[in-house]
Amino acid sequence: MSDREPPRRRVPGPAKPPRPRGPVRRQPGPGARPARRTGAYRPPPAPVLRLGSPRPRLRMVGLALTLVMLAFVVRLLQVQAVDAAAYAAKAVQNRYVVHTLAAERGGITDRNGVALAISEDAYDITADPTMFTAKQLKIGDGPEQAAALLAPILGQDQAAIARKLRPANRLSRYTRLATRRTPQVWKQIKDLKAALTKKAETDKGTVNVLAGVFADPSSQRVYPNGDLAAGILGWVNADGRGGGGIEQELDKRLSGKDGQLRYAQSGGREVPTAGSTETPAVPGSDVELTIDRDIQWAAQNAITEQVRKSRADRGYVIVQDTRTGEILAMANSPGFDPNDLSKADGEAMGNAAVQDAFEPGSTAKVMSMAAVLERNAATPLTHVVVPNRLHRGDRLFQDDVDHGTWYLTLNGVLAKSSNIGTILATGQLGRTQPEANKVLYSYLRRFGIGSATGLGFPGETRGILAPAGKWSTSQQYTIPFGQGFSLSAMQAASVYSTIANGGVRVEPTLVRGTKGADGRFAPVPQPKKTRVVSAKTAKTLAQMLESVVDDEQGTGIKARIPGYRVAGKTGTANRVDPATGRYHGYTSSFAGFAPADNPRITVYCAIQNATSGSYFGGQICGPIYKQVMEFALKTLQVPPTGARSANLPVDYKP
C-alpha cells in the first residue's frame, strides 16, 4: 500500500428540486383564485410585512407644537408690549390702596371766642369689597359673616352692611360702611380684626372675614351748647357738608381741602417696605360770629318760656347792635339740637327769624310816621281827631279797642297805636290817595322791606311788598298800620336799628371774620350803609317811641326798664295761617331800642299764634323785650344816660 491517504468518500449533497418543465408559474396575488393542484401540495410563502414611513406624523406633531409656541409668543408680546401699561395699572390698582384724609372742619365761635361748634376726632369705617369675594376668602358667605360681626358695633342693619360688602363691579374697591364714628368704635373693630388674624394663623380652617375693613381718619361735629343758637349755626349732614345755617353758608371755608394717603397692601395689611405717598389735608378756617353766647342764652330762654306759656306755634327774638349792625342774638323757639338730628322736628330745623314772612302789624307804624315827619306832612304835636269808626274804600276801620272820639297828637296816635289815626296821618303824604301810596311805598323800600337784608343767610326771605300801583282798595289803608305786606323778624329789627342809628341803615351782619390755618384773622368787609331818613326825623321818632313805654296811655308800659330811657312799639296783627292761606290767630310783637337818647341795642320779639292767655304784643312780648334788653345792657356794660325823657303830649283838649 502506498503512503497516500485513501481517497475521501463523496457524500451526496441535498437534492435540488427539479426544474419545472414548461412555463414558470407565478404565485397568485391577493384575491386570486388558488391554482389547481397538479401534483403534490405546496404551501404558499409567508407574506412580507413592511413598516409605514414616520415622516408625515413627525411633521404634524412639529406643526402643532409650532402653533402652540406661536400662540404663547403672540400672547407674550401682547402682555409685554401692546397692553403692558394697562396690565401695570391693574397690578398697581390691586396692590395699592388710596384713602382720603379728611380735612379738619373749622370751628365756630361767638364774638368772645367761646366755642359754638367744634370738630372732634372720628373715623369713617370703610371696606374693600373685592376682599370679600368667594375667591378671596375661600368661602361663599364672607360678606354675611363680616356683617354679623360689624352690625352690633356700628348699630346698623346686618343685611344693609352685607349689601355694601358685595362689590357692585369687579373694580369696586371702596365702600363706606359708617361715617364719623368715635375712636372707641374703630378700636373695637381693630381689636376684633387682630383676634381673627391671630386665630387664622394658628387654625388653617379659620378665615379673617374682616381683613378688608379699614378706617379713614375723619372728624365729628359737636355743638357744646346743645340747641343754643342752632338756628344760626345749622348742622353738618352725613356727607360732612353744611346742611343749614352758617355751616351751609360758609361750608367752603369751614371744610378745608381733603388730603390723600396711598400705600401698598397685601391681604388687607399695609406693606411697610413698599413705601407710601401722602398729600396732607388743609384744615378749614375758623369762623367768628357776632353773637354773644350769654345774650343768646338770655334771648333763647325768654322766648322759649313764653312760647310754652302761650301755647304758641313759634317765636323769635333778635338783639342787634344799633351802631355796627352786628347781631348779638337770634333766638328761635321751638329749636333743635344739632347733635342729635334724629329727634329734631323738621319744621324747626331752620332759622325762622330770617325765613318766616309775616304781617308785622303796628310795629310797622314807625315807618309810616317816619314818612309823615320826613315829608313835613305833620309834627309830633299835630292834632288828629280819631273817630270810633272810619270808612275808607270798601271797609269800615276801627282800632283794637272800642272808644269814643279821641283827640290825639300825632305822638299820641303812635303811643296809643291807633289804626284810624295812622290812616289819617299817611293820607297827608299826597294830594291824592294814589300819590300818598307812592310816597309811603318809597319809604318802606328805603327801610329794606321787600329786599334781602344783606346777611346772605340760606333760605332768607325778602318779604312781600307789592308796588304801590298794585295795592288793592283795602291795602291802601291797611299797609300804613302794618297789614297787607309781610317782612321777617330780621327786617323788622333792622327798621328800629335804622331809627336808633340816626336814620342810617346798616346792613346786619352775623360774621365778624375768619381765621385760616396760618392763624391770621381776616375781618369781613364793612357792611353797606344807607341814609333812610334825616337825623332830625330819627331823633323825633325816638322821642315819640318813648311815649309808647313811658306814658300811662301807651301800649308798652310792660317794657319799662328802671333807670333807662326806653323806646319801643307794640304790635298785634291778624296772622295768615300758612296751612290755609286765611287769617287765623295773631302775630304778637314788640320792637324797640335803649337807651332811647343814646341808642346801643335793638331788641325785636314776635310770637306766632298764641292760644293761651293774652295775644296782645304789649302783654306777651313787652316783658320779653324788658328781660332781654336788661340782660344785654348789663352784659355790654351800657350805663343809663341819666337824662330826662321828652314827655311829648299824647292828647289835647279840643
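Because the structure is predicted, anything quoted here is derived from the model rather than measured. (Residues numbered from 1 in each chain as written. Predicted model: local features only at pLDDT ≥ 70, side-chain atom pairs only at ≥ 80, totals over all residues. Heavy atoms only, no water.)

### Here's the deal with the overall build of the chain
Stage number 1. Scanning the chain from N- to C-terminus turns up 20 helices and 24 strands.
Stage number 2. Here the chain holds 654 residues, and the buried ones make up 46% of them.
Stage number 3. Sequence separation of at least 24 residues holds for 73% of the intrachain contacts in the chain that already meet a minimum separation of 6.
Stage number 4. Accessible surface, the chain as shown: approximately 35,200 Å² in total, 52% of it carbon and sulfur. (Helix = DSSP H or I, 4+ residues; strand = E, 2+ residues; numbered from the N terminus. Buried < 20%, exposed > 50% of the residue type's maximum accessible area, 1.4 Å probe, protein only. Contact = heavy atoms within 4.5 Å. Areas by Shrake-Rupley, 256 points an atom, 1.4 Å probe, with all protein chains shown as cover.)

### Description of helix α12 (residues 365–374)
Stage number 1. In terms of burial, α12 is largely enclosed, as nine of its ten residues are buried.
Stage number 2. Taken as a whole, α12 has its buried residues at Lys365, Val366, Met367, Ser368, Met369, Ala370, Ala371, Val372 and Leu373.
Stage number 3. As for α12, its buried residues are in contact with α13 (410–415), α14 (419–426), α15 (433–446), α17 (489–500), α18 (535–550) and β22 (567–576).
Stage number 4. Asparagine 376, located one to two residues past α12, shows a positive phi value of around 55 degrees.

### Thoughts on helix α5 (residues 158–165)
Stage number 1. What α5 keeps buried is the set Ile161, Ala162 and Leu165. Mapping the buried residues of α5 onto a view down its axis gives an arc of 100 degrees, with all of them on the same face.
Stage number 2. In the core, the buried residues of α5 are packed alongside β3 (115–127), α4 (142–154) and β4 (175–181).
Stage number 3. For α5, the N-terminal capping position is held by aspartate 157, with its side-chain oxygen 3.3 Å away from the main-chain nitrogen of alanine 159. (Arc of directions from axis to C-beta. Polar contact = N/O pair within 3.5 Å; in protein donor to acceptor, adjacent residues only side chain to side chain.)

### A short note on unusual backbone geometry
Stage number 1. The omega torsion of the bond from serine 333 to proline 334 falls at 0 degrees, within 30 degrees of zero and hence cis.
Stage number 2. Counting through the fold element by element, proline 334 comes out in the loop between β13 (327–333) and α11 (352–355).
Stage number 3. The phi dihedral of alanine 229 is positive, around 60 degrees, even though this residue is not glycine.
Stage number 4. As for its position among the elements, alanine 229 is in the loop between β5 (213–222) and α7 (230–233).

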